[in-house]
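# Geometric and topological summary
Letter by letter, the chains look like this.
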Amino acid sequence: MNILLTGGLGFIGSHAATVLAEQGHQIILVDNLCNSQIEVLSHLGQIIGKQPIFYEADVRNTNLLNSIFQKHSIDLVIHFAGLKSVAESVTNPLKYYDNNVGGSISLLEAMQGAKVNKLIFSSSATVYGVPQYLPYDESHPTVPMNTYGKTKLQVEEILRDLSHADPDWSIVCLRYFNPVGAHESGLIGEHPRGMPNNLMPYVCQVASGKLPHLNIFGDDYETKDGTGERDYIHVMDLAEGHVAALNFVNQHPGFHAINLGTGVSYSVYDLIGAFEQAANSTIVRKVQPRRSGDLAIYYAKADKAKNLLGWQAKRDLQVMCKSGWNFHKQKS
Ligand code: NAD
Ligand code: UDP
């Protein structure tokens, strides 16, 4: 198939690109490089064995997308492009609505114009909000606590309406939990610009001496050891989840929201312990007050992905830490 990946040079998009190319699909990448580096393209080329087709383009530019759809006979789109900082979304909501919601509408218009009606959308577990029960299943109420989560939910709602209006659309919204780790080659991985916000990239920078210590945001939660618990998932498992979703979306019109998580939660201390073993180093840490807006614990009910897509995560926390550290060492 000819598959268009928006945000294809980003963390998750680039990993998905490797798996899709390995499966023999033709991949066409679109990215405006607002949160990725052009070097990722040549690294992808090294992994895949040939340079993927790439357009430096913004998904809000519908005319440019129209010309890309005209040039390539696209069968399906995976829409990764989006901004993902929760904190920035709260201080700059217009930027997030414009990019995440506006960008999605622009893409959908271009798809409609080109009569492409198969879509996989990068959604997030943040759409659920404060857990009313755990694990979150896909029927859990969706009450996002921040602007970022609201943009994801709004796009999901637009997609649901679109599939009601035109039953020929096949749409899968994948609600990712906490992707970490990197491709086994160490050539691509998570490369945040500036100070990392997320736990794993922060830990990597402490291990390599770039940052003096890890701040642990709260050790007084009602969790197994007082620190926050999350459902960390290896980015390659997540990438493989997209291949499974692709096979599903080809055969199942309609709108489907599906969790991609492992179904297991790990605490901050669990992750640090696994990382210290993987990197054979000690992570200096300081306990700080809770980070505003953080939830104590959440994790996925992963059964729907297993039943509908025939997919489940296989890589454990050790592999996540080892591969994440391997990437970080190679790029430093
Ligand atoms: P990322 O920032 O590494 O990748 C996103 C890519 O999209 C970047 O390369 C960026 O340059 C590009 N982009 C952003 N806006 C664009 C635009 N208007 N036009 C063209 N390109 C644009 O992020 P990621 O971690 O790979 O996340 C991919 C998707 O998954 C995002 O939509 C994100 O919200 C979602 N998601 C991520 C996580 C996570 O923790 N990483 C969790 C849940 C959902
Ligand atoms: N966390 C932490 N120190 C950091 C970054 C994160 O203690 O420097 C904690 C955070 O409070 C949460 C967990 O690690 O309990 C995962 O945080 P992350 O930002 O990676 O993911 P999210 O909060 O978006 O699920």
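Check the entry above for the structure.
The structure contained in this document is the topic of the report that follows. Since the structure is predicted, the reported quantities are computational estimates derived from the model, not experimental observations. (Residues numbered from 1 in each chain as written. Chains lettered and ligands numbered in written order. Predicted model: local features only at pLDDT ≥ 70, side-chain atom pairs only at ≥ 80, totals over all residues. Heavy atoms only, no water.)

### Details of the overall build of the chain
Counting secondary structure elements, the chain contains 11 helices and 13 strands. The dimensions of the chain, computed from C-alpha atoms along their principal axes, are 55 × 45 × 40 Å. For the chain, the proportion of its 332 residues judged to be buried stands at 54%. Pairs at least 24 residues apart make up 79% of the contacts formed inside the chain by residues separated by at least 6 positions. (Helix = DSSP H or I, 4+ residues; strand = E, 2+ residues; numbered from the N terminus. Buried < 20%, exposed > 50% of the residue type's maximum accessible area, 1.4 Å probe, protein only. Contact = heavy atoms within 4.5 Å.)

### Observations regarding the packing of aromatic side chains
For the coordinates displayed, the defined rule picks out five aromatic pairs. Their ring planes at 40° and their centres at 5.5 Å tell us that Y136 and Y298 sit as a pair that is tilted. Here Y136, found in the loop between β5 (118-124) and α6 (147-165), pairs with Y298, found in the loop between β13 (285-288) and α10 (303-309); they are 162 residues apart in sequence, far enough to count as distant. The same class applies to Y136 as to Y298, namely buried. (Phe/Tyr/Trp six-rings, centres within 6.5 Å; stacked < 30°, edge-to-face > 60°.)

### Some details on the packing of helix α7 (residues 199-207) against helix α11 (residues 317-331)
Running from N to C, α7 and α11 point in directions that differ by 60°, and their axes come no closer than 10 Å. If you check the angle between α7 and α11, you find them oblique. The way α7 lies across α11 gives a crossing that is right-handed. Contacts between α7 and α11 involve M200, C204, Q205 and A207 on the former and, on the latter, M320, C321, G324, W325 and H328. (Axes fitted to C-alpha atoms, helices over the stretch in contact; angles between N-to-C directions. Parallel < 35°, antiparallel > 145°, perpendicular 65-115°, else oblique. Left-handed = near helix turned anticlockwise from the far one by under 90°.)

### Quick word on the site of ligand 2
Near ligand 2, the surroundings consist of 16 residues, among which L199, N215, R230, R291 and D294 are the closest. The fraction of the free accessible surface of ligand 2 (520 Å²) that becomes covered by protein chains is 91%. If you list the elements that add at least two residues to the shell around ligand 2, you get α7 and β8 (214-217). Sorting elements by how many residues they give to the shell around ligand 2 places β8 first, with four residues. (Near = heavy atom within 4 Å. Areas by Shrake-Rupley, 256 points an atom, 1.4 Å probe, with all protein chains shown as cover.)

### A look at the site of ligand 1
D31, N35, S36, F80 and Y148 are the nearest of the 28 residues found near ligand 1. At 2.6 Å from an oxygen atom of ligand 1 is found a side-chain nitrogen or oxygen belonging to D31. Within the side chain of K84, a nitrogen or oxygen atom sits 2.8 Å from an oxygen atom of ligand 1. In the complex, 95% of the free accessible area of ligand 1, which totals 820 Å², lies under the protein chains. By residue number, the principal contributor to the shell around ligand 1 is β5, which donates three residues. (Polar contact = N/O pair within 3.5 Å; in protein donor to acceptor, adjacent residues only side chain to side chain.)

### Examining the environment of V127
Looking at the secondary structure, you find V127 in the loop between β5 and α6. Taking relative accessible area as the criterion, V127 reaches 0% and is therefore assigned buried. In sequence terms V127 and N326 are 199 residues apart; their C-alpha atoms lie 31 Å from each other.

### A closer look at the pattern of salt bridges
All chains considered together, the criterion is met by 13 salt bridges. Among the salt bridges present, the one from D220 reaches R290, with a minimum N-O distance of 3.0 Å. Here D220, found in the loop between β8 and β9 (229-230), pairs with R290, found in the loop between β13 and α10; they are 70 residues apart in sequence, far enough to count as distant. Salt-bridge contacts for R291 lead to D294; the nearest nitrogen and oxygen are separated by 3.1 Å. (Salt bridge = Lys/Arg side-chain N within 4 Å of Asp/Glu carboxyl O.)

### Focus on the sheet that holds strand β2 (residues 26-31)
Reading across from one edge, β3-β2-β1-β4-β5-β6-β11 is the order of the seven strands in this open sheet, with parallel pairing throughout. The outermost strands of the open sheet, each flanked by one partner alone, are β3 (53-56) and β11 (254-260). When strand polarity is set aside, the average angle formed by the axes of neighbouring strands in this sheet is 20°. When strand β6 (residues 170-176) meets β11, the two strands line up parallel, connected through seven bridges. Within the sheet, the bridge partner assigned to L174 lies in β11 and is I258. Strand contacts of α6: β5, β6 and β11, with the helix running at about 155° to β5, the strand carrying the most contacts. (Pairing = 2+ DSSP bridges.)

Fair warning: the whole summary comes from geometry, so function is off the table for now.
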